[in-house]
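# Overview (structure and organization)
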Amino acid sequence: MRYDLNLLPIFVALMEERSVTRAAERLGMTQPAMSNALSRLRAMLQDPLFVRERYGIQPTPIALELAPVIAEALARLDNAVLGQQDFDPASAERLLTISPNGYVEFVLVPALVARLRQRAPGIQLRLRPYGSDLVETGVVSGITALALGRFIDPPDNLVVQHLVDDGLACVVRADHPDIGDSLSRAQFEALRHVNVLPPGRLRAGLFQALERAGLVRHVAVSVTHFLAVPEMIAVTDYCATLPRMICQRLARDARLKIVEAPVDLGTFPVEMAWHVRYRHDPAHRWLRALIAELASEMVAAAPA
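All of the points below concern the structure found in this document. Note that the structure is a prediction, hence the values are computed from the model and not measured. (Residues numbered from 1 in each chain as written. Predicted model: local features only at pLDDT ≥ 70, side-chain atom pairs only at ≥ 80, totals over all residues. Heavy atoms only, no water.)

### Focus on the sheet that holds strand β11 (residues 256–259)
Taking strand neighbours across the sheet as the criterion, the 5 strands line up as β9-β8-β10-β7-β11 in an open arrangement whose pairing is mixed. Each having just a single partner strand, β9 (218–223) and β11 make up the two edges of the open sheet. Strand-to-strand twist of the sheet, defined as the mean angle between neighbouring strand axes without regard to direction, takes the value 35°. Note: strand β7 (residues 168–173) against β11, 4 bridges, orientation antiparallel. Of the residues in β11, the one forming a bridge with C170 is V259. (Pairing = 2+ DSSP bridges. Helix = DSSP H or I, 4+ residues; strand = E, 2+ residues; numbered from the N terminus. Axes fitted to C-alpha atoms, helices over the stretch in contact; angles between N-to-C directions.)

### Considering the side chain of D166
Checked against the element boundaries, D166 lands in strand β6 (residues 158–166). Of the side chains bearing the opposite charge, R244 lies closest to the buried D166, which forms no salt bridge; the N-O distance is 5.1 Å. Reaching out from D166, the side chain makes a polar contact with the backbone nitrogen of M245 at a distance of 3.1 Å. Ignoring sequence-local partners within four residues, the contact set of D166 consists of Y103, P243, R244, M245, G266, T267 and F268. (Buried < 20%, exposed > 50% of the residue type's maximum accessible area, 1.4 Å probe, protein only. Lys, Arg positive; Asp, Glu negative; His and termini not counted. Salt bridge = Lys/Arg side-chain N within 4 Å of Asp/Glu carboxyl O. Polar contact = N/O pair within 3.5 Å; in protein donor to acceptor, adjacent residues only side chain to side chain. Contact = heavy atoms within 4.5 Å.)

### Examining the environment of V216
Structurally, V216 can be placed in the loop between α8 (201–213) and β9. For V216, a relative accessible area of 41% corresponds to the partly exposed category. Taking the C-alpha atoms as reference, V216 lies 8.0 Å from F188; in sequence the two are 28 residues apart. Apart from residues lying up to four places away in sequence, V216 is in contact with F188 and E189.

### Observations concerning the sheet that holds strand β5 (residues 146–149)
With mixed pairing, 5 strands are arranged side by side in an open sheet as β4-β3-β5-β12-β6. The two strands at the open ends of the sheet, each matched to only one other strand, are β4 (123–127) and β6. When strand polarity is set aside, the average angle formed by the axes of neighbouring strands in this sheet is 25°. Of the pairings in the sheet, the one linking strand β3 (residues 94–100) to β4 comprises 5 bridges and is parallel in character. Residue R94 lies in a different strand from β4, and its bridge partner there is I123.

### Topic: the packing of helix α6 (residues 109–119) against helix α11 (residues 282–301)
The N-to-C vectors of α6 and α11 enclose an angle of 125°; their axes lie 10 Å apart at closest approach. Classified by the angle between their axes, α6 and α11 sit oblique to one another. Our pair here, α6 against α11, has a crossing hand that is right-handed. In this structure, α6 uses A111, L112, R115, L116 and R119 to contact α11, whose residues at the interface are W286, L287, L290, I291, E293, L294 and E297. Tallied by class, residues from the contact of α6 with α11 come to 8 nonpolar, no polar and 4 charged. (Parallel < 35°, antiparallel > 145°, perpendicular 65-115°, else oblique. Left-handed = near helix turned anticlockwise from the far one by under 90°. Nonpolar A, V, L, I, M, F, W, Y, C, P; charged D, E, K, R; others polar.)

### Quick word on the state of the cysteines
Tallied over the entire structure, the rule returns 0 disulfides. This cysteine, C170, is not joined by any disulfide, and C239 carries the nearest cysteine sulfur, 4.2 Å off. The closest cysteine sulfur to the non-disulfide-bonded C247 is located on C170, 7.3 Å from its own sulfur. On the accessibility criterion, C247 (1% relative accessible area) is buried. (Disulfide = S-S within 2.5 Å.)

### Side note on the nonpolar core
Membership of the largest hydrophobic core comes to 61 residues, with the highest contact counts inside it found for Y103, L112, V229, L242 and I291. In this structure L112 touches I98, L125, L287, L290, I291 and L294, once residues within four positions along its chain are discounted. By size, the runner-up hydrophobic cluster in this structure holds 23 residues, among which are I10, L14, A23 and M44. (Core = buried A, V, L, I, M, F, W, Y, C linked by side-chain atoms within 4.5 Å.)

Here's what the structure looks like:
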């Protein structure tokens, strides 16, 4: 055979990582071994393929032309092989990495961990943060099994599945001197607010919802995670506007109470995305089905 097929996954890793070091780490190779493989790739394909730049490597026109063809061929091979394999969650031993945003980590991941313990005790779960850069999650390159959050204009090599829609509500302390069981527009605008600043689309979505509703919000403090909110609200007269499913969990805290926002702030989607190469992987398909099942259960359990 003229072509060494073992080099093709290395080509894909270099294309997606744009770094010899990161591609080597992804494939469990040493950097010298990766550099040697790149030299063999160049000889096999008779092109430099990648040129070094200050912050990594950039593909040549030939590499850009070859990339979709090679990636599709490898994906079809993966699908053919993996589709024949059986997966038994009860006996499987495997490490799966997922990348949830802060919202999903709060509302869904604990239930996922509990369900894995029941149905697949040998599956280990590792979380990678999902901030403002989808590439950093590893889902675009396939390092990460899947990402959970909201995806706008995802790349073509990702499959995106809608899970649920969630709305927004407000949380104040239970003995707030000015707020009873409801919150008017005037009260909302008179209050000072705790603003959650998770990176990415969830933050932008809240800002846009407030702007569409014409609500003025006076921010007293901005925090970086939902977990900071209950402690902040419990000791102040401030208000926080949060996803409804988070509010449902905070309602268990006797120091807090949940009230409806003064106007309808709309909903936002919660989605799951994964690399096309895992479309038919039995373990990944099982995990995705489990997550979709849990998301449906959350919706069914939510108060009307």
